[in-house]
Amino acid sequence: MRKLTYFIATSVDGFIGAPDGDGDFFYSHLDAEFVGYLAAEYPETISTQGRVHLGIADAAPQRFDAVIMGRRTYEPGLAQGMTSPYGHLPEQYVVSRSLAAPPDPQVRLIGGDLAAEVRALKAQGGLGIWLCGGADLATQLIDEIDEIIVKTYPVFAGTGMPMSHAGFGVRPLELTGVRTFGGGQVVSTYAVRRS
């Protein structure tokens, strides 16, 4: 069975974006060591355009062969003409009730019962499913998430979009890995502990 992994960038104080959801401020905290790590370990999480720029356009997926993102996560790339931001992945899903048709034939829309759709995807064979964002989607899928990988950047935002809006609830996690980088970034991997 495939795992649903919430693989997300965050500030030290747990914000994945500014109050309007914009996460571009994380880009100023990328350096060669960290980008090299992401390109080697998680090449499928780099946009198709970014993969070309980094010279890894043909890199095979390491962990994920599907991505699920919310409409608000999808729209900034769409505004720049990227109708299929992860075209190198066999499956791209955008969760939206407002889009009538996908802007690209490689993108599939999910507009109905999101949790049921994700359970069906998890039951299929293949690599893992990457939950790309954002907070509303993580909230809707909180009970379906099997793993959380947090890329913490060395910045304190003070306020903004949190990792989820799930509300208070103690959800036990098991730390399965930590990697630190010279630029102050930390990648922490947690398995969700089911009772």
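Check the entry above for the structure.
In this report, the structure presented in the accompanying data block is examined. Just so we're clear, the structure is a prediction, and the values are computed from it rather than from any experiment. (Residues numbered from 1 in each chain as written. Predicted model: local features only at pLDDT ≥ 70, side-chain atom pairs only at ≥ 80, totals over all residues. Heavy atoms only, no water.)

Side note on the packing of aromatic side chains
Inspection of every chain in the model, using the stated rule, returns 12 aromatic pairs. Measuring from ring centre to ring centre gives 4.6 Å for Phe7 and Tyr42, while their planes differ by 35 degrees; the resulting arrangement is tilted. Highlighted residues: Phe7 in strand 1 (residues 4–10) and Tyr42 in the loop between helix 1 (32–41) and helix 2 (48–54), separated in sequence by 35 residues. Note on Phe7: relative accessible area 2%, which makes it buried. (Phe/Tyr/Trp six-rings, centres within 6.5 Å; stacked < 30°, edge-to-face > 60°. Helix = DSSP H or I, 4+ residues; strand = E, 2+ residues; numbered from the N terminus. Buried < 20%, exposed > 50% of the residue type's maximum accessible area, 1.4 Å probe, protein only.)

A word on helix 1
Of all the positions in helix 1, only Phe34, Tyr37, Leu38 and Ala39 are classed as buried. Buried-residue contacts for helix 1 involve strand 1, strand 7 (147–152), strand 9 (173–180) and strand 10 (186–192). (Contact = heavy atoms within 4.5 Å.)

Some details on the pattern of salt bridges
Across all of its chains, the model carries 10 salt bridges by this definition. We note a salt bridge from Arg2 to Glu91, for which the minimum N-O separation is 3.0 Å. Taken together, the residues Arg2 in the segment before strand 1 and Glu91 in strand 4 (residues 91–95) connect sequence positions 89 residues apart. Taking the relative accessible area as the measure of exposure, Arg2 reaches 2% and is therefore buried. Judged by relative accessible area, Glu91 falls into the buried class, the value being 11%. As a salt-bridge pair, Lys3 and Glu147 come within 3.6 Å of each other at their nearest N and O atoms. Of this pair, Lys3 sits in the segment before strand 1 while Glu147 sits in strand 7, and the two are 144 residues apart along the sequence. One network of salt bridges, in which partners are shared, links Arg119, Lys122, Glu144, Asp146 and Arg194. (Salt bridge = Lys/Arg side-chain N within 4 Å of Asp/Glu carboxyl O.)

Focus: the environment of Gly14
Tracing the sequence through the fold places Gly14 in the loop between strand 1 and strand 2 (15–17). Note on Gly14: relative accessible area 22%, which makes it partly exposed. Linking Gly14 and Pro162, residues 148 residues apart in sequence, is a C-alpha distance of 6.0 Å. Those residues in contact with Gly14 that lie beyond four places of it in its chain are Met161, Pro162 and Met163.

Description of the sheet that holds strand 6 (residues 128–133)
Pairing is mixed in the open sheet, where 8 strands are placed in the order 5-4-3-6-1-7-10-9. Both edges of this open sheet fall to strand 5 (107–110) and strand 9, since each of them pairs with a single strand only. Averaged over all neighbouring strand pairs, the angle between strand axes comes to 25 degrees, with direction disregarded. Sheet topology places strand 3 (residues 64–70) next to strand 4; 5 bridges connect them, and they run parallel. Bridge pairing in strand 4 places Met69 opposite Val94. Each of strand 3, strand 4, strand 5 and strand 6 touches helix 3 (residues 71–79); the most contacted strand, strand 3, lies at about 95 degrees to it. (Pairing = 2+ DSSP bridges. Axes fitted to C-alpha atoms, helices over the stretch in contact; angles between N-to-C directions.)

A look at the layout of surface pockets
Reported here for the largest pocket is a volume of approximately 1500 Å³. Along the walls of the largest pocket sit 47 residues, with Asp24, Tyr27, Thr73, Tyr86 and Cys132 positioned nearest its centre. Listed by contribution, the elements that provide at least two residues to the lining of the largest pocket are strand 1, helix 1, helix 2, strand 3, helix 3, strand 6 and helix 5 (135–140). With 6 residues, the single largest contributor to the lining of the largest pocket is helix 3. Considering only residue class, the lining of the largest pocket consists of 24 nonpolar, 15 polar and 8 charged. (1 Å grid on protein atoms, 1.4 Å probe; cavity = no way out; pocket = protein on both sides within 12 Å on 5 of 7 lines; lining within 4 Å. Points joined across faces, edges and corners; volume = space filled by probe spheres on them. Nonpolar A, V, L, I, M, F, W, Y, C, P; charged D, E, K, R; others polar.)

Details of the side chain of Arg51
Among the secondary structure elements, Arg51 is positioned in helix 2. No salt bridge forms around the buried Arg51; measuring N to O, its nearest opposite-charge neighbour Glu44 is 5.7 Å away. With residues near it in sequence (within four places) discarded, Arg51 still touches Pro43, Glu44, Ile46, Ile56, Ala57, Asp58, Ala59 and His88. (Lys, Arg positive; Asp, Glu negative; His and termini not counted.)

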